[in-house]
Amino acid sequence: MPANRKVLVLAGDGIGPEIMRQALRVIEFFDRRHLASFDISEGLVGGAAYDASGVPLTDETLDAALASEAVLFDALADASSLKPELVAGLDLMIVRELTGGIYFGAPRGVETLADGSRRGVNTEVYTEAEIERVVHVAFDLARKRRGRVCEVDKANVMESGGLWREVAQRVRDTDYRDVELSFMYADNCAMQLVRNPKQFDVIVTSNLFGDILSDCAAMLTGSLGMLPSASLGAPAAAGRRKALYEPVHGSAPDIAGKDVANPLACILSFAMMLRYSFDMAEEAELVEDAVRRALATGVRTGDIVQPNTARVSTRVMGDTVVRELEKTA
């Protein structure tokens, strides 16, 4: 089978190489069973790249990323702190704008006032084009899911939030009349995520609110180690988006090298890659089902272990997922 899907793998630092090893075993399964073939290349990023070359990202790695179609970067109701009936069967997606907003706005900084006291300043700035870009992503994803988008802001106290609502409504009315659009204030959304999370399908929001709400939503599963994420670029001429897929949880250096990290978020990030970069929905479901069945066997890494389940290593968790894939295929 020709390898026509170019993927750059960046294992990163900390637990990255350990969990990425398990995700690569899933990729190898697809090739071994002739279900799909991928042109895999690997590179260094972050501390590993700095140690090797003195910079966190070399020009060569950046060029490889731009030449790739996707970059892979670094059913648990009982594990949630909420009542099982609130989270059983939960499936929601948060679309967070990543390159604008208060983290990048100007003016910013700390200044000394005339009386000698200091003042910190950060500015929330969004253009219509920046908002249009991310709400298009949300509506496109909703069409592949359950057809509902909730735009989240603080339009009651922030003018930028009012612009978000205006642009989201215009984009929906112009291009996505088949998708349901609703609005919610960010503080209410945080409350609703722990009150009734299954009311949501796709949430779209700004950089700041997305940062906060995604971590809140992560704990609905009981662990950051369960959540994949994607950073999606604008569509290319052929319609595909450049994309970076990674677990939500980060590099966790305190447990690096101990073979205890949860690899499932990394494996599920690969499933997102299949679904959203390569339009391979059936294959993505195959991976997601294997993860669900692996959990149903009762094995857990330490972050999600529960009474009457068995604590296992990173490697054994990966073994279990691959074994379930083999059963299905």
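None of these values were measured; they are calculated from a predicted model.

Rules behind the numbers
- Residues numbered from 1 in each chain as written.
- Predicted model: local features only at pLDDT ≥ 70, side-chain atom pairs only at ≥ 80, totals over all residues.
- Heavy atoms only, no water.
- Helix = DSSP H or I, 4+ residues; strand = E, 2+ residues; numbered from the N terminus.
- Buried < 20%, exposed > 50% of the residue type's maximum accessible area, 1.4 Å probe, protein only.
- Areas by Shrake-Rupley, 256 points an atom, 1.4 Å probe, with all protein chains shown as cover.
- Expected span 1.5 Å × (residues − 1).
- Pairing = 2+ DSSP bridges.
- Phe/Tyr/Trp six-rings, centres within 6.5 Å; stacked < 30°, edge-to-face > 60°.
- Lys NZ or Arg CZ within 6 Å of the ring centre and 35° of its normal.
- Salt bridge = Lys/Arg side-chain N within 4 Å of Asp/Glu carboxyl O.
- Patch = residues over 30% accessible without salt bridge, like charges linked within 9 Å, V, L, I, M, F, W, Y side chains within 5 Å.
- pLDDT = per-residue confidence, 0-100.
- Contact = heavy atoms within 4.5 Å.

So, the overall build of the protein
When its secondary structure is counted, the protein shows 11 helices and 13 strands. A total of 329 residues make up the protein; the buried ones form 45% of that total. Of the roughly 15,600 Å² that the protein leaves accessible, carbon and sulfur atoms contribute 53%.

Notes on helix α1 (residues 16-32)
Taking 1.5 Å per residue as the helical rise, α1 with its 17 residues ought to reach 24 Å, and the 24 Å between its terminal C-alpha atoms agrees with that figure. Counted residue by residue, α1 has 12 buried out of 17 residues, so it is predominantly covered. Within α1, the full set of buried residues consists of G16, E18, I19, M20, Q22, A23, L24, R25, V26, I27, F29 and F30. One or two steps after α1, the chain reaches H34, where phi turns positive at roughly 55 degrees.

Side note on the pairing of strand β11 (residues 241-247)
Across the two faces of β11 the burial differs, with R241, A243, Y245 and P247 buried and K242, L244 and E246 not buried at all. Bridge analysis of strand β3 (residues 70-73) against β11 gives two bridges, and the strand direction is parallel. Bridging across to β11, V71 finds its partner in L244.

Regarding the packing of aromatic side chains
One pass over the structure, following the stated rule, counts six aromatic pairs. Ring plane angle 70 degrees and centroid distance 5.7 Å describe the contact between F38 and F270, whose orientation is recorded as edge-to-face. An aromatic cluster is defined as three or more aromatic residues linked by ring pairs; in this entry it consists of F29, F30, F38, F270 and F278. The ring centre of F38 lies 5.7 Å from the NZ or CZ of R5, which sits over that ring.

As for the pattern of salt bridges
Following the criterion strictly, the structure yields 24 salt bridges and no others. Between E128 and R170 there is a salt bridge; the shortest N-O distance is 3.4 Å. With a gap of 42 residues between them, E128 in helix α5 (residues 128-143) and R170 in helix α6 (residues 159-175) connect regions that are remote in the sequence. Taking relative accessible area as the criterion, R170 reaches 32% and is therefore assigned partly exposed. Of the charged contacts, one joins R293 and E324 as a salt bridge, the two residues approaching to 3.2 Å between their closest N and O atoms. Pair noted here: R293 is in helix α10 (residues 281-296) and E324 is in helix α11 (residues 314-328), with a separation of 31 residues, a long-range link. The class for E324 is buried, based on a relative accessible area of 6%.

Overview of a nonpolar patch on the surface
On the surface, a cluster of nonpolar side chains totalling about 260 Å² of accessible area is made up of L57, L62 and L66. Looking at where L66 falls in the secondary structure, it is placed in helix α3 (residues 59-67).

A few points about the confidence of the model for the protein
Averaged over all residues, the pLDDT of the protein is 86; the fraction at 70 or higher stands at 89%. The low-confidence segment residues 75-79 (pLDDT under 50) makes 16 contacts with residues lying over four places distant or belonging to another chain.

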